[in-house]
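Chain by chain, the residues run as shown.
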Amino acid sequence: MDWQTRRFRIDLTKPRVMGIVNVTPDSFSDGGRHATAAAALQHARRLVDEGADILDIGGESTRPGAAPVSVDEELARVLPVIDGALGLGVPLSVDTLKPEVMHAAIAAGVDIVNDVQALRLPGALEAVAASPAVGVCLMHMRGDPRTMQQQTGYDDVVAEVAAFLRGRLAVLAGAGVSAERVVLDPGIGFGKTVEQNLELLRRQRELLVLGRPLLLGWSRKSTLGAVTGRPVEQRLPASIAAALAAVLQGARIVRVHDVAPTVDALKLWGAAGLPAVPESAPHPRTEAR
Ligand code: HH2
């Protein structure tokens, strides 16, 4: 299974690593570390040297309760980094929910739009549909980062996430965005409790019936803190375990802060000749719906 993005058709027969470049003062785990364009670009180069297959560049934190950032501020953060990273030889993704930022980032040359709101803000779908080849990651979230943790009541979190993502895929298809441009993300930590995040991992294969590659972002997240009792700066082992578990459950792309150790861990995948997970693994619960 491939992911069609603007300059690159990404072969997902082996799991891929998306390295996170947060150009923000307040991201939950690395806020302020690469807040200038120069520092972010240096970080981006390092992640590519470490084996990142994709870079995800973000200028606004989505952590619960994060302060909103203006369009101008977000553009001032991400555009110089996109510009400088275009020559690094890997697909570039912009992590934004704002249509204005999508337009500008696409004009600047990004390959992928990664939207935690799954292109639901007015104008976002149009921004992506207007560009014939840009790839998209559609993520599930309830509400917005300020309100999402008050909206964790689900009858069946996996079924609701699947229904949401299926609906968004259909809306994109209606707008002319072909499925081969889209990957899907259940949104670990976005409007979900610890138990719901763990349930998404346990039953992740049910999402494979959607027929598109899955991208998972567990890196350093608070559920890992809840499970291990570790603060954010001590969550590397749990992040690696979660990335590998996600891959074993069918993820094709893992979004991570710590690229080098994740790449090493995934080398085991190739070395052991582990088979690619079936692209669609029907599950009794999902089949019944
Ligand atoms: N998680 C974060 C941000 N963007 N995008 C996708 N597709 N999936 C995710 O799980 C995801 C995401 C949160 O992580 P981070 O970027 O490190 O933090 P912050 O939002 O505070 O900048």
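Predicted model, so just to flag it, every value in this text is computed and none were measured.

Asker: Got a minute to help me understand the overall build of the protein in this structure?
Answerer: Of regular secondary structure, the protein possesses 10 helices and 10 strands. In summary, the protein has a C-alpha radius of gyration of 17 Å against a globular reference of 19 Å for 289 residues, a match within 12%. Each of the three principal axes of the protein carries a C-alpha extent, and together these read 50 × 40 × 40 Å. Contacts in the protein between residues far apart in sequence, at least 24 positions, make up 70% of those at least 6 positions apart.

Asker: Looking at this structure, how should I read the packing of aromatic side chains?
Answerer: To describe a pair of aromatic rings, you give the distance between the ring centres and the angle between the ring planes. With the rule as written, the count across this model stands at 0 aromatic pairs. Against the face of tyrosine 154 rests arginine 142, its NZ or CZ located 3.7 Å from the ring centre.

Asker: Explanation requested: helix H3 (residues 99-108) in the structure shown.
Answerer: Think of an α-helix as 3.6 residues a turn; residues three or four steps apart then line up on the same face. Among the residues making up H3, those that are buried are Pro99, Val101, Met102, Ala105 and Ile106. Buried positions in H3, seen along its axis, are confined to an arc of 155 degrees and lie on one side of it. If you follow the buried residues of H3, they end up packed against helix H2 (71-85), strand E5 (92-95), strand E6 (112-115) and helix H4 (124-129). Within two residues after H3, glycine 109 carries a phi angle of roughly 115 degrees, on the positive side.

Asker: How should the site of the ligand be read in this particular structure?
Answerer: The ligand sits among 18 residues. The nearest are Ser27, Ser61, Thr62, Asp185 and Lys221. The separation between an oxygen atom of the ligand and a polar side-chain atom of serine 61 is 2.6 Å. The protein chains hide 98% of the 480 Å² of surface that the ligand would expose on its own. Split by residue class, the shell around the ligand holds 6 nonpolar, 7 polar and 5 charged.

Asker: So what exactly am I meant to see when it comes to the side chain of asparagine 197 here?
Answerer: Take asparagine 197: it is sitting in helix H6 (residues 194-202). Residue class for asparagine 197 comes out buried when judged on its relative accessible area of 1%. A distance of 2.8 Å separates the side chain of asparagine 197 from the side chain of threonine 223, its partner in a polar contact.

Asker: What should I look at first to understand unusual backbone geometry in this one?
Answerer: Positioned with a positive phi, leucine 119 is a non-glycine residue whose angle comes to about 60 degrees. You can see leucine 119 is positioned in the loop between E6 and H4.

Asker: It is not clear to me how the packing of H2 against H3 should be interpreted in this structure. Could you clarify?
Answerer: Each pair of packed helices can be summarised by the angle the axes make with each other and by the distance between the axes. For the pair H2 and H3, interaxial distance at closest approach is 10 Å and the crossing angle is 20 degrees. With respect to their mutual orientation, H2 and H3 come out roughly parallel. H3 is crossed by H2, and the crossing has right-handed handedness. Contact residues: Val71, Glu74, Leu75, Val78, Leu79 and Ile82 in H2; Glu100, Val101, Ala104, Ala105 and Ala108 in H3.

Asker: Whenever I open this one, the pairing of strand E8 (residues 182-185) confuses me. Can you help?
Answerer: Successive residues of a regular strand alternate their side chains across the two faces of the sheet. Burial along E8 is two-sided: the residues Val182 and Leu184 and Val183 and Asp185 are all buried. Of the pairings in the sheet, the one linking strand E7 (residues 135-139) to E8 comprises 4 bridges and is parallel in character. Of the residues in E8, the one forming a bridge with valine 136 is valine 182.

Asker: Help me understand the side chain of aspartate 185, please; the structure alone is not making it clear to me.
Answerer: Within the secondary structure, aspartate 185 is located in strand E8. It turns out aspartate 185 is buried and unbridged, and the closest side chain with the opposite charge, lysine 221, is 6.4 Å from it. Apart from the residues lying within four places of it in its own chain, the contact partners of aspartate 185 are Cys137, Leu138, Met139, His140, Leu165, Leu215 and Leu216.

Asker: Please clarify how the nonpolar core should be interpreted in this entry.
Answerer: Side chains of a nonpolar character, in soluble globular proteins, are inclined to be buried together. Core analysis: the biggest nonpolar cluster contains 68 residues, and Val21, Leu55, Ile57 and Leu119 have the highest contact counts within it. By residue number, the principal contributor to this core is helix H5 (residues 157-174), which donates 8 residues. Ignoring any residue separated from it by four or fewer positions in sequence, one finds leucine 55 in contact with Gly19, Val21, Ala44, Leu47, Val48, Leu88, Val90, Pro91, Leu92 and Ser93. Among the nonpolar cores identified, the runner-up in size contains 10 residues, and Ile10, Ile54, Ile112 and Leu215 belong to it.

Asker: Help me out: how do you make sense of the environment of glutamate 50 in this one?
Answerer: Take glutamate 50: it is sitting in the loop between helix H1 (37-49) and strand E4 (54-58). Through-space distance from the C-alpha of glutamate 50 to that of arginine 220 is 18 Å; in sequence the pair is 170 residues apart. Sequence-distant contacts of glutamate 50, that is, excluding residues within four places in its chain, are made with Val259, Ala260 and Val263. Within polar-contact distance, the side chain of glutamate 50 engages the backbone nitrogen of alanine 260 at 3.2 Å.

Asker: Any chance you could explain the pattern of salt bridges here in plain terms?
Answerer: Any two side chains of opposite charge can pair, given that their charged atoms come close. Tallied over the entire structure, the rule returns 18 salt bridges. Put simply, glutamate 50 and arginine 46 hold a salt bridge, and the shortest N to O gap is 2.9 Å. On the accessibility criterion, glutamate 50 (21% relative accessible area) is partly exposed. One network of salt bridges, in which partners are shared, links Asp156, Glu199, Arg203 and Glu206.

Calculation criteria
Residues numbered from 1 in each chain as written. Predicted model: local features only at pLDDT ≥ 70, side-chain atom pairs only at ≥ 80, totals over all residues. Heavy atoms only, no water. Helix = DSSP H or I, 4+ residues; strand = E, 2+ residues; numbered from the N terminus. Rg over C-alpha atoms; globule rule 2.2 N^0.38 Å. Contact = heavy atoms within 4.5 Å. Phe/Tyr/Trp six-rings, centres within 6.5 Å; stacked < 30°, edge-to-face > 60°. Lys NZ or Arg CZ within 6 Å of the ring centre and 35° of its normal. Buried < 20%, exposed > 50% of the residue type's maximum accessible area, 1.4 Å probe, protein only. Arc of directions from axis to C-beta. Near = heavy atom within 4 Å. Polar contact = N/O pair within 3.5 Å; in protein donor to acceptor, adjacent residues only side chain to side chain. Areas by Shrake-Rupley, 256 points an atom, 1.4 Å probe, with all protein chains shown as cover. Nonpolar A, V, L, I, M, F, W, Y, C, P; charged D, E, K, R; others polar. Axes fitted to C-alpha atoms, helices over the stretch in contact; angles between N-to-C directions. Parallel < 35°, antiparallel > 145°, perpendicular 65-115°, else oblique. Left-handed = near helix turned anticlockwise from the far one by under 90°. Pairing = 2+ DSSP bridges. Lys, Arg positive; Asp, Glu negative; His and termini not counted. Salt bridge = Lys/Arg side-chain N within 4 Å of Asp/Glu carboxyl O. Core = buried A, V, L, I, M, F, W, Y, C linked by side-chain atoms within 4.5 Å.

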